[in-house]
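This is what each chain is made of:
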Amino acid sequence: AQTVTQSQPEMSVQEAETVTLSCTYDTSENNYYLFWYKQPPSRQMILVIRQEAYKQQNATENRFSVNFQKAAKSFSLKISDSQLGDTAMYFCAFIRNSGYALNFGKGTSLLVTP
Amino acid sequence: GAGVSQSPSNKVTEKGKDVELRCDPISGHTALYWYRQSLGQGLEFLIYFQGNSAPDKSGLPSDRFSAERTGGSVSTLTIQRTQQEDSAVYLCASSPRTSGGGSYEQYFGPGTRLTVT
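Residues numbered from 1 in each chain as written. Chains lettered and ligands numbered in written order. Predicted model: local features only at pLDDT ≥ 70, side-chain atom pairs only at ≥ 80, totals over all residues. Heavy atoms only, no water.

Draft legend 1. The arrangement of the interface of chain B and chain A in detail. Counting residues at the interface gives 28 residues for chain B and 21 residues for chain A. Both sides of the chain B and chain A interface together cover about 1900 Å² of buried area, and 50% of this is carbon and sulfur. For the pair chain B and chain A, the number of links is zero salt bridges. If you look at where chain B meets chain A, you find nine residue pairs in polar contact (both at pLDDT 80 or more). Counting only elements with at least two residues in the side of chain B that touches chain A, the list comes to β4 (31–38), β5 (42–50), β8 (88–95) and β10 (112–116) of chain B. Classifying every residue of the side of chain B that touches chain A by side-chain character gives ten nonpolar, 14 polar and four charged. (Contact = heavy atoms within 4.5 Å. Buried area = accessible area lost by both parts, 1.4 Å probe. Salt bridge = Lys/Arg side-chain N within 4 Å of Asp/Glu carboxyl O. Polar contact = N/O pair within 3.5 Å; in protein donor to acceptor, adjacent residues only side chain to side chain. Helix = DSSP H or I, 4+ residues; strand = E, 2+ residues; numbered from the N terminus. Nonpolar A, V, L, I, M, F, W, Y, C, P; charged D, E, K, R; others polar.)

Draft legend 2. Representation of the packing of aromatic side chains in the model. For the structure on display, the rule yields 17 aromatic pairs over all chains. Taken together, a centroid distance of 6.3 Å and an interplanar angle of 80 degrees make the contact between A:Phe68 and A:Phe75 edge-to-face. Comparing A:Phe68 with A:Phe75 shows no difference in burial state: the two are buried. Measuring from ring centre to ring centre gives 6.2 Å for A:Tyr100 and B:Phe45, while their planes differ by 55 degrees; the resulting arrangement is tilted. Of this pair, A:Tyr100 sits in the loop between β10 (88–96) and β11 (103–104) while B:Phe45 sits in strand β5, which puts the two residues in different chains. The exposure class assigned to B:Phe45 is buried, which follows from its relative accessible area of 14%. (Phe/Tyr/Trp six-rings, centres within 6.5 Å; stacked < 30°, edge-to-face > 60°. Buried < 20%, exposed > 50% of the residue type's maximum accessible area, 1.4 Å probe, protein only.)

Draft legend 3. Just the pairing of β4(B), in detail. All names here are of chain B. Burial analysis of β4 places eight of its eight residues in the buried class, which makes it a mostly covered element. Taking every second residue as pointing to the same face, both faces of β4 are buried, with Ala-31, Tyr-33, Tyr-35 and Gln-37 on one and Leu-32, Trp-34, Arg-36 and Ser-38 on the other. Looking at chain direction, β4 and β5 are connected through eight bridges and run antiparallel. Its bridge partner being in β5, Ser-38 is matched across the sheet by Gly-42. Bridge count between β4 and β8: seven bridges; the pairing is antiparallel. Residue pairing in the sheet places Tyr-33 in a bridge with Ala-93 of β8. (Pairing = 2+ DSSP bridges.)

As structure tokens, then:
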């Protein structure tokens, strides 16, 4: 079984600053995908960024980037130039290459303040 | 185009009643998933449909829970004899998956918040 751990239940950052959310996972698989999802108060889960485990290069999407350390089984999300609209729950998720069910962490509640 | 839709948005029911939650996936998506999001358990996988194959029901928490997908499109999650611990947000997702695990993004609906009183 795979487990995903997010050790920061809540975080706060000022607008325009940078914040990093942590995620670690445990698996015996070699091929898998990792995701960060954002869930604003509207409840809609939105994919922020995806990383394939076989790729060494860290994924980036505009202000969002990851630090993927496969050996350490770590997958952190960096949000640069934080905006008020980034306020949301952020979930780290894992899926085996041959699987279909996402395994989610417990989430980190991020508050961006003016 | 239209995203995944779910109805109702909110449902309040009395303990012991049956409820039906509906999911309308993105047109053309062959895979459909149900997840449950509760305060104590976080996000849990419930059931997976892929095309005309038999669904994977391994995540359903009890035999009070069932789901069906008609015509490879709309899905209904039914909870019989609801209990207070069934209170949660039920999320549906769909993807164009034909093979290969996480290579296909799962698109989520807005969820149904179920409250059992």
